[in-house]
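Chain by chain, the residues:
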Amino acid sequence: MLAAQDVAGNPSSVHAEGRHARAIIEAAREQVALLVNAKPSEVIFTSGATEANNWVLAASWNAIAFAGIEHDSVTAPIAASSAKRIDLSVATNGVADLDGIREALAASAEASERTLLTLMMANNETGVIQPVAQAAALAREHGVMVHTDAVQAPGRIPVDFAAMDVDTLSVSAHKLGGPRGVGALVLRDGVELPALIKGGGQERRRRGGTENVSGIAGFGAAAAVAANEKDAARRIAKLRDRLENGVKRATPAAVIIGSDAPRLINTAYIAVPGKLAETLIIKLDLEGIAVSAGAACSSGKVGSSHVLKAMNLGPEITGSAVRVSLGPQTQDDDIAAFLAAWEKVAGSAALAA
Ligand code: PLP
């Protein structure tokens, strides 16, 4: 257990407190590296994945290939960039189309552009897992750099930076149960990427600013726990399957988004054509069940999800989709309570009424 005085030193100072803070950072760097199978020298701490994604996209690319399912922290810097956009298509099950990626990369290589391909490991709304290693292999053939936003993956599916053969990868501590406001960019040794935050020699001159020692320590601890979460993941997967099977029994017309694609175990994304997502959310809330529409960051301004639009799903699906999240705390009783509430709100008797 760390005490406040353990992290009080400035890790750039040579006195004992400084050295202690430095040791804490380096231990956390090893823990994060182990989680994603990278070398500690490849892990650079940032304020989160938003910064890590912005950093990669801010480099001077001529062209950026990406699909519309990416997180806002990827799409917003692309929108602000002067690089040419190469839009990649996505199947209705949420998986980016590898043939489309192959063609786009070949065309960009012919134009001898400095191109970045960015493809997330797993989508934050649908949980759908993307073929990052295959896409990276195609990119290698054409001399294209590859970034992956891996925020949703660690602790849920194996993350192997080395085997995926990507150049950069972003992770965030709070998605692992760690503190908010800290994350990392994993940058392959030897790959040049100009610093985004300049003005200090920290992180070997790649990210200026005094390190967030307590945040980094928490990130390391969360990474160490997440690296051993395989059993928890299996348990949650069973609960999610029970939930989805129960929903289908109660509401045969319900659509489980992405169900025929490889998916993370912790989300069920359910649409009931003809029902408004807002209505489902409010009725479930009255039954004591909290679900969201679309991305968590955009709930509150219920609009339709850019991810579902990128999957070319019609308005009857995009307008009615609600997302149920499960986690390590979820128990059998929670699934039973959800299904009882669902039956009341969207079971055949409720839909007929
Ligand atoms: N990328 C994805 C897929 C996310 O789900 C999130 C946040 O939840 C982010 C990036 C942003 O991460 P952070 O909150 O660390 O900036």
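Residues numbered from 1 in each chain as written. Predicted model: local features only at pLDDT ≥ 70, side-chain atom pairs only at ≥ 80, totals over all residues. Heavy atoms only, no water.

### Details of the environment of His 142
As a reminder of what qualifies: Only DSSP runs of H or I with at least four residues qualify as helices, and only runs of E with at least two residues qualify as strands; both kinds are numbered from the N terminus onward. Residue contacts are counted whenever heavy atoms from the two residues lie within 4.5 Å of one another.
With respect to the element layout, His 142 can be found in the loop between α5 (132-141) and β5 (145-149). In this structure the C-alpha to C-alpha distance between His 142 and Ala 107, which are 35 residues apart in sequence, comes to 9.4 Å. Excluding its chain neighbours within four sequence positions, the residues that come into contact with His 142 are Arg 102, Leu 105, Ala 106 and Ala 109.

### Some points on the pattern of salt bridges
Rules: Salt-bridge detection follows one rule: a side-chain nitrogen of Lys or Arg within 4 Å of a carboxyl oxygen of Asp or Glu. Categorising residues by exposure relies on relative accessible area from a 1.4 Å probe, with only protein chains included: less than 20% of the type maximum marks a residue as buried, more than 50% marks it as exposed, and the intermediate range marks it as partly exposed.
Per the counting criterion, the structure on display carries 18 salt bridges. Measuring nitrogen to oxygen at the nearest pair gives 2.9 Å for the salt bridge that ties Glu 26 to Arg 22. Placement of both Glu 26 and Arg 22 in helix α1 (residues 16-36) is noted, with a separation of four residues, approximately one turn of the helix. On the basis of relative accessible area, Glu 26 is assigned to the partly exposed category, the value being 28%. Residues Arg 242 and Asp 332 are paired through a salt bridge, measuring 3.3 Å at the closest nitrogen-oxygen approach. Here Asp 332 lies in helix α13 (residues 332-346) and Arg 242 lies in helix α9 (residues 230-250), a separation of 90 residues in the sequence. A relative accessible area of 35% places Arg 242 in the partly exposed class. Via salt bridges that share partners, Arg 22, Glu 26, Arg 29, Glu 203 and Glu 211 belong to a single interconnected network.

### Brief notes about the sheet that holds strand β8 (residues 255-256)
Rule in force here: When DSSP finds two or more bridges between a pair of strands, those strands are recorded as paired. Only the contacting stretch of a helix is used when fitting its axis, a line to C-alpha atoms as for every element, and angles between N-to-C directions run 0 to 180 degrees.
Read across the open sheet, the three strands follow the order β8-β9-β10; overall the sheet is antiparallel. If you trace the sheet from one side to the other, it starts and ends with β8 and β10 (321-325), each paired once. Those strands touched by α9 are β8, β9 (267-271) and β10, and its axis lies near 15° from that of β9.

### Examining the pairing of β9
Judged by how many residues are buried, β9 sits mostly within the fold: five of five residues are covered. Side chains of β9 alternate between two faces, with Thr 267, Tyr 269 and Ala 271 and Ala 268 and Ile 270 buried alike. Relative to β9, β8 runs antiparallel, the two sharing two bridges. Bridge pairing in β9 links Ile 256 to Ile 270. Sheet analysis places β9 next to β10, joined by five bridges and oriented antiparallel. Bridging across to β10, Ala 271 finds its partner in Ala 321.

### Details of the site of the ligand
Rules: Residues are labelled near a given molecule or strand when at least one of their non-hydrogen atoms is within 4 Å of it. A 3.5 Å cut-off defines polar contacts: any pair of N or O atoms within that distance qualifies, except that in protein one atom must be a possible hydrogen donor and the other a possible acceptor, and neighbouring residues in sequence count only when both atoms are side-chain atoms. Working definition of accessibility: Shrake-Rupley area with a 1.4 Å probe, residue cover restricted to the visible protein chains. Ten residues, namely Ala, Val, Leu, Ile, Met, Phe, Trp, Tyr, Cys and Pro, are considered nonpolar, four, namely Asp, Glu, Lys and Arg, are considered charged, and the remaining ones, Gly among them, are considered polar.
Surveying the vicinity of the ligand reveals 14 residues, the closest of which are Thr 50, Asp 149, Gln 152, Ser 172 and His 174. In this structure, Ala 49 approaches the ligand through a main-chain N or O atom, which is 2.9 Å from an oxygen atom. Side-chain polar atom of Gln 152 to an oxygen atom of the ligand: 2.9 Å apart, as the coordinates give it. Out of a free accessible area of 390 Å², the ligand has 87% covered by protein chains. Here the shell around the ligand gets three residues from one element, more than from any other, and that element is helix α2 (residues 49-57). Tallied by class, residues from the shell around the ligand come to three nonpolar, nine polar and two charged.

### Focus: the packing of aromatic side chains
Note the following rule: Stacked, edge-to-face and tilted labels apply to pairs of Phe, Tyr and Trp rings (six-membered ring for Trp) whose centres lie within 6.5 Å, assigned for plane angles under 30 degrees, over 60, and everything in between, in that order.
Enumeration over the complete set of coordinates arrives at two aromatic pairs. Between Phe 338 and Trp 342 the ring centres are 5.8 Å apart and the planes differ by 20°, which places this aromatic pair in the stacked class. Here the residue Phe 338 and the residue Trp 342 both occupy positions in helix α13, the gap between them amounting to four residues, near one helical turn. According to the relative accessible area criterion, Phe 338 is buried, its value standing at 4%.

### A word on the domain arrangement of the protein chain
Threshold: Boundary definitions for the domains trace back to an automatic or database domain assignment.
The assigned domain composition of the protein chain is domain 1 (4-226) and domain 2 (230-346). Each of domain 1 and domain 2 has a C-alpha centre, and these two points are 28 Å apart. Contacts between the two partners involve 23 residues from domain 1 and, on the opposite side, 23 residues from domain 2. On the surface where domain 1 and domain 2 come into contact, there are six residue pairs in polar contact (both at pLDDT 80 or more). For the side of domain 1 that touches domain 2, the residue count by class is eight nonpolar, 11 polar and four charged.

### Considering the pairing of strand β6 (residues 168-172)
Judged by how many residues are buried, β6 sits mostly within the fold: five of five residues are covered. Both faces of β6 are covered, namely the face carrying Thr 168, Ser 170 and Ser 172 and the face carrying Leu 169 and Val 171. Direction of pairing for β5 relative to β6: parallel, over a ladder of three bridges. Bridging across to β6, Thr 148 finds its partner in Leu 169. Pairing analysis gives five bridges linking β6 to strand β7 (residues 183-187), with the strands arranged antiparallel.

### Digging into the sheet that holds β6
One open sheet accounts for seven strands, arranged β1-β7-β6-β5-β4-β2-β3; its pairing is mixed. For this open sheet the edge positions go to β1 (43-46) and β3 (84-88), each flanked by a neighbour on one side alone. Shown here is a sheet whose adjacent strand axes are inclined to one another by a mean of 20°, direction ignored. Pairing of strand β2 (residues 63-67) with β3 involves five bridges; the strand directions are parallel. Paired with Phe 66 across the strands is Asp 87, a residue of β3. Lying on the sheet, α2 is in contact with β1, β2, β4 (115-118), β5, β6 and β7; it crosses β6 at an angle near 160°. Running over the sheet, helix α4 (residues 98-110) touches β3 and β4 and is turned about 155° from β3.

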